[in-house]
Structures are given as structure tokens and as C-alpha cells.
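Architecture at a glance
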Amino acid sequence: MNMDRFEEHAEDRRIRKTKKALRTALVKLLSKKSIDDITIKELTEEADVHRGTFYHHYRDAFDLKDQVEVEIAQELDEVIASVPDSALEDGPYPLLLKVLCYLEENRDMARMLASESGDHKLMAKMCEQISVRCMKDSLFGEERRYGSRFCAAGIQGMLVPWVEDGMRTPPKEMAKLLDAVITGGTAEAKGKENVVGA
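Counting of residues starts from 1 at the beginning of each chain's written sequence and follows it residue by residue. Per-residue local features of the predicted model are confined to residues with pLDDT of at least 70, and side-chain atom pairs are confined, for both listing and counting, to 80 or more; whole-chain, interface and lining totals are unaffected and use all residues. Calculation of side-chain values draws on the structure's entire complement of heavy atoms; hydrogens and water are dropped beforehand.

Observations regarding the overall build of the protein chain
Put simply, DSSP H or I for four residues or longer makes a helix, DSSP E for two residues or longer makes a strand, and each gets a number counted from the N terminus. In terms of helices and strands, the protein chain carries nine helices and zero strands. Shown N-terminal to C-terminal, the secondary structure of the protein chain runs as helices and strands in the order α-α-α-α-α-α-α-α-α. Throughout this description, buried means an accessible area under 20% of the type-specific maximum (1.4 Å probe, protein chains only), exposed means over 50%, and partly exposed covers the range between. Counting the 198 residues in the protein chain, one finds 40% classified as buried. Any two residues having at least one pair of non-hydrogen atoms within 4.5 Å are treated as being in contact. Taking contacts inside the protein chain between residues at least 6 apart in sequence as the whole, the part at least 24 apart equals 62%. Here the protein chain has roughly 11,900 Å² of accessible surface; of this, 52% comes from carbon and sulfur atoms. Throughout, the Shrake-Rupley method with a 1.4 Å probe supplies accessible areas, and for residues the shown protein chains are the sole cover considered.

This is how it looks when you write it as C-alpha cells:
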């Protein structure tokens, strides 16, 4: 009985290792080219797995990409949710730093998200989640979603070149810069809202 359990655990570990290698290979390749241009041969060579092993787990490269995107989206959700609201009372810096450190630790994934061939929806979703967490409820009143989208576009507009430039600016400095832009921009918008409403 214990031997069966050991064999199941060993098999699960091998499957996880294979899937992780394929994910890493896909993310690396997607940071350089489109999914349409990635062959199974390239994926399996990069991951150092047999072609048959690939097909045992995935139908094709698109199936792998879909599953990897779901995993990355879950990871990003967890990173963003890991910062409590109480930590954001003085501004978005703690959340921004957490996300930037995560991106720096996962450079290939970050390059894939920021690349032309990557998944812009995931990057946009992440920036939207950051923006929503950073915005105060009363800031734009009923039009908060407009402000949130604007803020998300600004975050994305700063993150993409940061990643493309090789993340040369340390996460702490980049988080301070983003924080200043977000809080300065929202404070300015709030001030103008009061003037317009007068």
C-alpha cells in the first residue's frame, strides 16, 4: 500500500516537473516570438522533454499557452491579493513593490507579458487590478471606473518599457516612481473635481 502511494507521489512529481519545464520553455519562447511561430519541436527541445510526453499532456502549443495563461493569471491574482487593504492606507507603494518584485523574480514571464507576442490581456488585467486596489472609493464618485482605466493604462505604460529595458531601475525605485505618478495624478484629479463641481 505504501509503495503504491510512493509511486503515485513520484509520478505526480515527474508530471509537475515536466509541466513546469514546458511552461518555462513556452514563456521563454513567447518573450521572443508569437505562438503561431512556435513549433512543438522548439518547445520540447527547450524543455528537454520528448514530443510524445508533450502530447500526453497537451493537444498543441495553443492548449499549453491557454493553461499557462490561467496559471499566470492565478499567480498574479495571489500576488495582488496578498497585500492587505490596510497596507494601502498611505498609498499604493507596498502593492506596487510586491508586484514589481514578483515580475523581477520572473523575468521571462514579465518579458512575455510585455512583448508584442505575449498576452496583453494578462498585463492589462494585472494593471487594472492594481489600479482598482490603489484608487480610493470616493475619488471619482460614479465615474471611478473611468479613472481606474486611465490609471491602469498609465501603470501599463510604465511597466512595459521598464520590462523592455531589462528592469534596470530597481523595483523599489520604480515602485516609488509609480506611486508618485498614481498619487500625484489622483490627487490632482480630485482637486480638479472639486473645482469643476464648484
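Some remarks on the side chain of D63
Looking at the element boundaries, D63 is found in helix 4 (residues 61-81). Overall, the relative accessible area of 9% leaves D63 in the buried class. Setting aside residues up to four positions removed in sequence, D63 forms contacts with H57 and Y58.

Here we look at unusual backbone geometry
For D48, which is not a glycine, the phi torsion comes out positive at approximately 60°. Checked against the element boundaries, D48 lands in the loop between helix 2 (40-47) and helix 3 (51-57). Unusually for a residue other than glycine, M167 sits at a positive phi of about 55°. Within the secondary structure, M167 sits in the loop between helix 8 (144-164) and helix 9 (171-197). You can call M167 buried: its relative accessible area is 5%.

Side note on helix 5 (residues 93-105)
Here helix 5 spans 18 Å end to end across 13 residues, near enough to the 18 Å set by a 1.5 Å rise per residue. Looking at helix 5, one finds that the buried residues are L95, L96, L97, V99, L100, Y102 and L103. The span expected for a helix works out to 1.5 Å for each residue beyond the first.

Describing the packing of aromatic side chains
Pairing of aromatic side chains requires ring centres within 6.5 Å, counting the rings of Phe and Tyr and the six-membered ring of Trp. Pairs whose planes differ by under 30 degrees are stacked, by over 60 edge-to-face, and all others tilted. Enumeration according to the criterion identifies two aromatic pairs in this entry. Centroid distance F54 to Y55: 5.3 Å. Interplanar angle 85°. Geometry classified as edge-to-face. Looking at F54, the relative accessible area reads 0%, which means it is buried. According to the relative accessible area criterion, Y55 is partly exposed, its value standing at 40%. Counting every residue linked through ring pairs, the aromatic cluster contains F54, Y55 and Y58.

What to know about the nonpolar core
One broad rule of soluble globular proteins: the nonpolar side chains tend to lie buried together. Among the nonpolar cores identified, the biggest contains 56 residues, and L43, L103, M126, I130 and L159 are the most heavily contacted of them. Elements represented by at least two residues in this core include exactly helix 1 (2-30), helix 2, helix 4, helix 5, helix 6 (107-114), helix 7 (120-134), helix 8 and helix 9. Ignoring sequence-local partners within four residues, the contact set of L159 consists of L100, L103, M123, M126, C127 and L178. Residues grouped as a nonpolar core are buried Ala, Val, Leu, Ile, Met, Phe, Trp, Tyr and Cys residues, joined through side-chain atoms within 4.5 Å.

A short note on the packing of helix 7 against helix 8
What counts as an axis is a line fitted to C-alpha atoms, over the stretch in contact for a helix, and the angles between N-to-C directions run from 0 to 180 degrees. Taken N-terminus to C-terminus, the directions of helix 7 and helix 8 make an angle of 125°; their axes are 8 Å apart at the nearest point. As judged from the angle between their axes, helix 7 and helix 8 are oblique. Relative to helix 8, helix 7 is oriented so that their crossing is right-handed. Of helix 8, the residues touching helix 7 (which contributes H120, M123, A124, M126, C127, E128, I130, S131 and V132) are R144, S148, R149, C151, A152, I155, Q156, L159 and V160. Of the residues contributing to the contact of helix 7 with helix 8, the split by class is eleven nonpolar, four polar and three charged. If an angle is under 35 degrees, it is roughly parallel; if it is over 145, roughly antiparallel; if it lies from 65 to 115, roughly perpendicular; otherwise it is oblique. Rotating anticlockwise by less than a right angle from the far helix to the near helix defines a left-handed crossing, while the corresponding clockwise rotation defines a right-handed one. Amino acid classes used here: Ala, Val, Leu, Ile, Met, Phe, Trp, Tyr, Cys and Pro are nonpolar; Asp, Glu, Lys and Arg are charged; the rest, including Gly, are polar.

Side note on the pattern of salt bridges
Side chains carrying opposite charge are able to pair once their charged atoms draw close together. Here, a salt bridge means any side-chain nitrogen of Lys or Arg that lies within 4 Å of a carboxyl oxygen of Asp or Glu. Tallied over the full model, the rule gives ten salt bridges. Of the charged contacts, one joins R59 and D63 as a salt bridge, the two residues approaching to 3.7 Å between their closest N and O atoms. Assessed through its relative accessible area of 63%, R59 is described here as exposed. Of the charged contacts, one joins R107 and E104 as a salt bridge, the two residues approaching to 3.6 Å between their closest N and O atoms. Three or more residues joined by partner-sharing salt bridges are found here, namely R23, E71 and E75.

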